[in-house]
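Listed here are the chains, written in short residue letters.
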Amino acid sequence: MEAPTEFPSVTFSDLATSSSAAPAAAVFSVDSSGKPRLRFVQTGSAAPLAELDLETTQVFRVGPVDLLCVSEEESGGNATDEKLCSKAFKVGFKTKDESKGFATAFEEWKNGRSSKDGASLENGLIVPSKSKFDSKIEATSAKMYFHYYGQLLHQQNMLQDFVRTGTYYAAVLENKSDFEGRVVVDVGAGSGILSLFAAQAGAKHVYAVEASEMAEYAQKLISGNPSLGQRITVIKGKVEEVELPEKADILISEPMGTLLVNERMLESYIIARDRFLTPSGKMFPTLGRIHMAPFSDEYLYVEVANKALFWQQQNFFGVDLTPLHGSAFQGYFSQPVVDAFDPRLLVSPPTFHTLDFTSMKEEDLYELDIPLNFTATVGTRVHGLACWFDVLFNGSTVQRWLTTAPGSPTTHWYQLRCVLQQPLYVMAGQQITGRLHLVAHSAQSYTIYLTLSTKMWGVGAEQGGVLQTSTGKLELKEPYYRLSQPQSYGASDQQQQTVQTQSMPPQDISQLQDEIDPSLSLEQL
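Residues numbered from 1 in each chain as written. Predicted model: local features only at pLDDT ≥ 70, side-chain atom pairs only at ≥ 80, totals over all residues. Heavy atoms only, no water.

1. Side note on the overall build of the protein chain
Logical step 1: On a plain count of helices and strands, the protein chain comes out with 14 helices and 25 strands.
Logical step 2: A total of 525 residues make up the protein chain; the buried ones form 48% of that total.
Logical step 3: Across the protein chain, contacts joining residues at least 24 apart in sequence account for 70% of those joining residues at least 6 apart.
Logical step 4: Summed over its atoms, the accessible surface of the protein chain is roughly 24,900 Å², and 51% of this surface lies on carbon and sulfur atoms. (Helix = DSSP H or I, 4+ residues; strand = E, 2+ residues; numbered from the N terminus. Buried < 20%, exposed > 50% of the residue type's maximum accessible area, 1.4 Å probe, protein only. Contact = heavy atoms within 4.5 Å. Areas by Shrake-Rupley, 256 points an atom, 1.4 Å probe, with all protein chains shown as cover.)

Take a look at the structure:
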């Protein structure tokens, strides 16, 4: 029988009574029948304050150091009167670490897996979690996510992205030396296509881990290719939870979402690395980069702004809609635009932020704070920030990139643009600074906080000038899928001069600056 896990210094409150919080100890253990139990014992007394069956108990966070334990129990005098009733208890801790340790221990004991090697704290034990997914992702979001990827039509959409699928195929087959005779784990295997690629490259064995119902289709596809399938094992479950019989020499996965990080699967990829990969193992992909550049697109700005015109009607079936116009206007600008755009719309050479999957921590993905610094190559209005990503497969033989850049062959990720409500005016050579701040949330996505600033030109500019700033808050989970093909922008020579996605040599940038007459006013530009 496993030794109990004790948290000797908590506070306990029964929400059904008006009694104040009492000092207590919380003890996880199993009873004589082998069921996991949680007991609260008042400090200085042997009498339990409460004893809960973990199978019918849930824990919710209600504050930085406070948790709520809700237990369903049967009540009633006979079988016909019996019904479920809930009891709720508030449990307080001294620190956030103690609160997290209790929540982790609760999940481990409830699932029948207590730990033997936790780290000691003042108050109990931190038990290493074998599943972080359920604790940080909303159940409704996870259900929709796995339902979506459990359908063949969505798998087909990804498979038919030949840039994506072809790059993965080339990256694997061109680096057979990394796969031959090796153990491979396919993280979030989907249809199993990457597992089959690994088997084609000579993998000794592939473990295809897939949490959605697509695992059944993957098994069917793999069984239909017996020469490869005999070396592939499909495991249905989350990488945070499943157990594998051996360590992996290489991880392969397609964890990228819009703006690289949407859907938060990169975190599962990192967790799989920590759980399954040998110290000298490889990861395909190895690293990712988020590329960013300011853009100018008058057509797009007007299109987004005009969506709110509906709410300017003063007599819509006798109703004045204008009170909601401001909210609607803000709402449309809170949607990142997903489409393919002409790279000539970029106002400066791009910069990028690197995520090294081989060394970064899972927690590094909870919040990304990226400083921005650009130099405008044309005089124009800046309407926001354009973003795209690429990933590197750092094979021993060939290093191959998969890019979603504007001007490159279009992928199902397209590109993403954050449009600001208030455009900025810039001149050629003017500095644009700012910040792209991404904060993860439990709906498997991110809130985007964007700030762009320019130093206004004119009298006093050498002393700092007037700072022109525009900010935006956008929700990555709720984009505007424009999905149009890049428009032709041939009317203006200046637009033709806007830089391409690849960084230009300094002498070329200087040449562009020289070709724009600095005496032109903003209105003329």
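Here the narrative resumes, following the displayed structure.
2. Some remarks on empty space enclosed by the protein
Logical step 1: Under the counting rule described, the total for this entry stands at 2 cavities of 30 Å³ or more.
Logical step 2: Reported here for the second largest cavity is a volume of approximately 30 Å³.
Logical step 3: What lines the second largest cavity is Thr258, Leu259, Cys387, Trp388, Phe389, Trp413, Tyr414, Gln415 and Leu416.
Logical step 4: Looking at the lining of the second largest cavity, the elements that each hand over two or more residues are β19 (380–394) and β21 (415–426). (1 Å grid on protein atoms, 1.4 Å probe; cavity = no way out; pocket = protein on both sides within 12 Å on 5 of 7 lines; lining within 4 Å. Points joined across faces, edges and corners; volume = space filled by probe spheres on them.)

3. Things to note about the pattern of salt bridges
Logical step 1: Using the criterion set out here, one finds 20 salt bridges in the structure.
Logical step 2: The partner of Lys136 in a salt bridge is Glu267, with the nearest N and O atoms 2.6 Å apart. Taken together, the residues span a long stretch of sequence, with Lys136 in helix α2 (residues 133–136) and Glu267 in helix α10 (residues 265–276) at a distance of 131 residues.
Logical step 3: The salt bridge partner of Glu243 is Arg275, with a shortest N-O separation of 3.3 Å. Taken together, the residues Glu243 in the loop between β12 (232–236) and β13 (248–253) and Arg275 in helix α10 connect sequence positions 32 residues apart. (Salt bridge = Lys/Arg side-chain N within 4 Å of Asp/Glu carboxyl O.)

4. Some thoughts on the sheet that holds strand β23 (residues 445–455)
Logical step 1: Across the sheet, which stays open at both edges, the 4 strands sit in the order β18-β22-β23-β24 with antiparallel pairing between neighbours. Looking at the sheet topology across the chains shown, the edges are occupied by β18 (367–375) and β24 (467–475). Pairwise comparison of adjacent strand axes, ignoring direction, gives a mean angle of 15° for this sheet.
Logical step 2: As paired strands, β18 and strand β22 (residues 431–441) are joined by 9 bridges and run antiparallel to one another. Looking at the pairing, Glu367 lines up with Val439 of β22. (Pairing = 2+ DSSP bridges. Axes fitted to C-alpha atoms, helices over the stretch in contact; angles between N-to-C directions.)

5. Some points on the environment of His291
Logical step 1: Examined against the element boundaries, His291 turns out to sit in strand β15 (residues 287–295).
Logical step 2: His291 gets classed as buried once you look at its relative accessible area, which sits at 9%.
Logical step 3: In sequence terms His291 and Trp388 are 97 residues apart; their C-alpha atoms lie 5.3 Å from each other.
Logical step 4: Setting aside residues no more than four positions away along its own chain, His291 makes contact with Thr351, Phe352, Ala386, Cys387, Trp388, Phe389 and Asp390.
Logical step 5: Of the polar contacts made by the side chain of His291, one reaches the side chain of Asp390; its length is 2.9 Å. (Polar contact = N/O pair within 3.5 Å; in protein donor to acceptor, adjacent residues only side chain to side chain.)

6. A closer look at the nonpolar core
Logical step 1: Ranked by internal contacts, the top residues of the largest apolar core, which has 94 residues, are Val261 and Leu436.
Logical step 2: Once residues within four sequence positions are removed from consideration, Leu436 is found in contact with Met292, Leu368, Asp369, Ile370, Leu372, Leu385, Cys387, Ile448, Tyr449 and Leu450.
Logical step 3: Residues Leu38, Leu54, Val91 and Phe106 belong to the second largest nonpolar core, which totals 20 residues. (Core = buried A, V, L, I, M, F, W, Y, C linked by side-chain atoms within 4.5 Å.)

7. Quick look at the pairing of strand β3 (residues 36–42)
Logical step 1: Of all 7 residues that make up β3, 5 are buried, and the element is covered over most of its length.
Logical step 2: Counting the residues that bridge the hairpin from strand β2 (residues 22–30) to β3 gives 5 residues, and of these Gly34 lies at a positive phi of roughly 90°.
Logical step 3: In this sheet, strand β4 (residues 48–53) lies alongside β3 in antiparallel orientation, the contact comprising 5 bridges. Of the residues in β4, the one forming a bridge with Arg37 is Asp53.

8. Some thoughts on the packing of helix α5 (residues 162–173) against helix α7 (residues 193–200)
Logical step 1: Contact geometry for α5 and α7: axes closest at 9 Å, N-to-C directions at 30°. Here α7 runs roughly parallel to α5, going by the angle between their axes. In this structure, α5 meets α7 at a crossing whose hand is right-handed. Of the residues in α7, those in contact with Thr165, Tyr168, Tyr169, Val172 and Leu173 of α5 are Leu194, Phe197, Ala198 and Gln200.
Logical step 2: Each residue belonging to the contact of α5 with α7 can be placed in one class, and the counts come to 7 nonpolar, 2 polar and no charged. (Parallel < 35°, antiparallel > 145°, perpendicular 65-115°, else oblique. Left-handed = near helix turned anticlockwise from the far one by under 90°. Nonpolar A, V, L, I, M, F, W, Y, C, P; charged D, E, K, R; others polar.)

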